[in-house]
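Structural description and commentary
Each chain, letter by letter, is given below.
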Amino acid sequence: MRLAIEGIGVTGGFGVGVDALRSALQAGTLSYQNLTVEHHDGAKDNFLACRATTEGLDRFLPKRELRRIDHFSKMSLYAAHLALEDAGLLDADLSRTGVVVATGYGPLKTTFNFLDSYLDFGYSCSSPTHFSNSVHNAAAAHVSMQLKLTAPNLTVTQFEMSVASALLSARQWLEEGRVDRVLFGAVDEYCEVLRYCRRYFFGGSEQGPMRPLALEAQTAMVGEGAAFMILTRDDGSAAYAAIDSMVLGNHSVAPVELPPATLIVAGADGHRECGRWYAETVNNRPVVACSPYYGSFPAAAGFDLVAAALMLRDKQLYAGPQDAGSGLSPSVDSVLLSGARLASLKFGPGGDYGLICLSR
Amino acid sequence: MTCPVPIAVTGLGCLSGAGMNLDENLATLFAGQRYPGPPIRFSTDHPVAYPVLELREEFKLPLDEEQLIYARTGQLALAAALEALTDAGYDEVSLRSKRVGVCIGTTVGCALNCDDFYRDYKDGNSPGMSIIERYLRSNPAAVIARQLKLNGPVQTVVNACSSGTDAIGLGAFWLRAGVCDLVISGGADELSRVTYAGFSSLMITDSSPCRPFDVNRKGLNLGEGAGIMILERGDTVEKKRIRGRVLGYGSACDAHHLTAPRPDGAGLQAALAEALQTAGVSPQQISFVNAHGTGTPDNDRIEGQVLQKVLPGVPFLSTKGYTGHTLGAAGAIEAVYTLACLERGEIPASIGFVEPDPAIPVAPVTANTSIAGTVALSQSLAFGGNNAVLILSAEGA
């Protein structure tokens, strides 16, 4: 069964909304913020990052409803409402709309805020609000509560494979008729501890530029954001594109089989450890990577999917800003012909992969 | 809509504070024993030492040195998976001819609850990455897939306390869709200082051994463990290898509150209705219910009221008194117990229950009780308002 992408809502380093992402993809515009983390010894760590905003969420929800909701869940709420708005469903009957959310790390900042509460003040002062918002399914819960969605609700965490894995369950729900529609989301957030870890692992990089198709170089730059989509059973008239198939596996156990005559939207995001898997599989095939527009984080695979859907809808290939001259990809026509197929391919560091094929 | 393809259960594995394998667990349950105590593996400055149900300290997981690099939840998941695969007659070599999926529920097993690392970071000590590296390689479903060199779909479900129930239901979907030939499904969670602090902050932990459905219940006891079911398509498995079947699964969301169940129980009722419908069975065919029964005032009251409404007169119990609340593992451990009890034709006493609560119109069994029939139900309620229900049958019971 094919899935139709009927609406998209996003917030990320490029801005808010599907038009903001499309504009960035068209113009090749990158939007990074200069961040500084001051360490205990007074040393300053300066780097670039793709941060997402939730300013404007009060267009959908009153501010008093948002007081105790953290950034992770606010990004999700924002993207969820934008996706519904994009699909014209804000006032629709959502009783048979399921929620599926994919996240690599969950609500990191709130997890550490909870630890702060007892490390600073003792266990008896542990914060119940931080604890209850620190569970990975907090975002899905807030989305269901604010939108009154009582149908099945699922959160999946599988690091880089979270999106492909969660999509598998979304498809099954639609195929078996459990729901008529799935509000499908991918979300991850930045926090200072994450920067500390990335600095430890990757040295003092993350200064740009991000060159995802320079597969032997470590050029990743941290990002965050939420990408939500409205998925339905495809009847041939998808607003954006149709998801034809999805396959998960491990390339080191059994090699991934890429479909013929398909342009690859690689989930490569400047991590050298994952780069080798792309080098083994996509060499000499038409390939683009869009991660520089939203940065590196596990749930960015959801943004790859959105970028692929936009390309199919617009019949336009949006090459990544650093693709030219990478030497990996043969030159490809920027116009996507009718019947074109794209495949979103994401590798994890151990060779685990998710391959999602789309067409119009 | 009923399930179009029967899903066979061909292997079971379980470890918890009640025992290190399924046989030990059942012996503990039917002997009416439990072993709550203060936490052994961590300490806090709480003025009250809330009892927990930990795996015995002397227990050594049946894993080699390479497998012990994983965080505890990953180890628990792997140990239960190996028991279940052995029960199903598989080893690493025989699995390679199959497309094998892994679907595991957890909560602690995916959270960056590394408070030792974070304390060092806060203190400006530049902690190393060994704890983070362990976290990154310990996603429970990925641990099983990596250790067994599997090449199928891998999914870690994080629906809080219904995760284990959901993982089994989702694994059944994969089989029906033909995505894989066999699914290692279930849940795993370790006891953690972080969840210990968190649940005590919510004031829903009992300072005594927990008392599900009792009028004097004060809250839950935390536990740890793992439960695994090996699922295969029933139409491709020799009948003699089948221990039971997953007949139905249902889930629904309260959309009400982050931690409290919906007062009218509508979400749980919707999950029960879907499970009964997909199983194609009537409430009268249910032999017993393994309830969520945490021992918290709200959960047990709402759950009891829904049981009276949807499944009146059906015997039920909570096994949380034996295992503690094992969070993401709970639904899976209880599903394993449910099938094992169907095979035995009896259920254990709902330990901790003594005095009925006038606010709850039903009461759990107070002694080991014989049951008739081959179909039973296991249900979970969770943070985030998730409700999930499995309907299972035993083969030849």
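Heads up: the structure comes first, above all this text.
These numbers were taken from a predicted model, which means no experiment stands behind them.

What follows covers the overall build of chain B. Looking only at helices and strands, one finds 12 helices and 14 strands in chain B. The C-alpha radius of gyration computed for chain B amounts to 20 Å, which stays within 12% of the reference 21 Å derived for 397 residues, consistent with globular compactness. Expressed as lengths along the three principal axes of its C-alpha atoms, the size of chain B is roughly 60 × 55 × 40 Å. Looking at chain B as a whole, 63% of its 397 residues are labelled buried. Contacts in chain B between residues far apart in sequence, at least 24 positions, make up 80% of those at least 6 positions apart.

This part takes up the overall build of chain A. Across its full length, chain A holds 10 helices and 13 strands. Radius of gyration (C-alpha) of chain A: 20 Å, near the 21 Å computed for a compact globule of 360 residues. Dimensions along the principal axes, computed over C-alpha positions, put chain A at roughly 60 × 50 × 40 Å. Buried residues in chain A amount to 61% of all 360 residues. Residue pairs in contact within chain A that sit at least 24 positions apart in sequence constitute 78% of those at least 6 positions apart.

A few words now on the environment of Ala188 of chain B. Residues and elements named next belong to chain B. With respect to the helices, strands and loops of the structure, Ala188 is situated in strand S5 (residues 182-189). Judged by the 40 C-beta atoms lying within 10 Å of it, Ala188 is buried. Separated by 44 residues in sequence, Ala188 and Glu232 place their C-alpha atoms 20 Å apart. Discounting chain neighbours no more than four positions away, the residues touching Ala188 are Thr73, Leu76, Ala77, Ala80, Ile104, Thr106, Gly109, Pro140, Ala226, Gly328 and Ala329.

Residue and element names in this part refer to chain B. Among the eight residues of helix H6 (residues 140-147), seven are classified as buried, and the element is accordingly described as predominantly covered. For H6, every residue scored as buried is listed here: Pro140, Ala141, Ala142, Val143, Ile144, Ala145 and Arg146. Against helix H2 (72-88), strand S3 (100-105), strand S4 (154-157) and S5 lie the buried residues of H6. Looking one or two residues past H6, Lys149 carries a phi angle of roughly 55°, positive in sign.

What follows deals with the interface of chain B and chain A. In this complex, chain B contributes 57 residues to the contact, which on the side of chain A involves 60 residues. Looking at the side of chain B that touches chain A, the elements with two or more residues in it are helix H4 (115-122), H6, S4, helix H7 (163-177), helix H8 (193-201), strand S8 (244-253) and helix H9 (266-279) of chain B. Tallying contributions element by element places H4 of chain B first for the side of chain B that touches chain A, with five residues. Residue composition of the side of chain B that touches chain A, grouped by class: 29 nonpolar, 21 polar and seven charged.

All names here are of chain A. Going residue by residue along strand S6 (residues 153-156), you find Asn153 and Thr155 tucked away on one face and Leu154 and Val156 tucked away on the opposite face as well. Here strand S5 (residues 97-102) pairs with S6 via four bridges, running parallel. Directly across from Val99, in S6, lies its bridge partner Asn153.

Within the largest apolar cluster, 267 residues are counted, with the highest numbers of intra-cluster contacts made by Ala83, Val306 and Ala309 of chain A together with Ala80 and Ile144 of chain B. Not counting chain neighbours up to four residues away, the residues in contact with Ala83 of chain A comprise Gly7, Ile8, Gly9, Leu183, Phe228, Met229 and Ile230 of chain A.

Okay, the packing of H9 of chain B against helix H10 (residues 297-310) of chain B next. All names here are of chain B. Look at H9 against H10: their axes get within 10 Å of each other, and the N-to-C directions meet at 40°. Of the possible angle classes, the one that applies to H9 and H10 is oblique. In this structure, H9 crosses over H10, and the sense of that crossing is right-handed. Note on element contacts: H10 touches H9 through Glu303, Val306 and Val310, opposite Leu268, Gln269 and Leu272. Here the residues of the contact of H9 with H10 are counted per class, giving four nonpolar, one polar and one charged.

Conventions adopted
Residues numbered from 1 in each chain as written. Chains lettered and ligands numbered in written order. Predicted model: local features only at pLDDT ≥ 70, side-chain atom pairs only at ≥ 80, totals over all residues. Helix = DSSP H or I, 4+ residues; strand = E, 2+ residues; numbered from the N terminus. Rg over C-alpha atoms; globule rule 2.2 N^0.38 Å. Buried ≥ 20, exposed ≤ 12 C-beta atoms within 10 Å, placed from the backbone. Contact = placed C-beta atoms within 7 Å. Nonpolar A, V, L, I, M, F, W, Y, C, P; charged D, E, K, R; others polar. Pairing = 2+ DSSP bridges. Core = buried A, V, L, I, M, F, W, Y, C linked by C-beta atoms within 7 Å. Axes fitted to C-alpha atoms, helices over the stretch in contact; angles between N-to-C directions. Parallel < 35°, antiparallel > 145°, perpendicular 65-115°, else oblique. Left-handed = near helix turned anticlockwise from the far one by under 90°.

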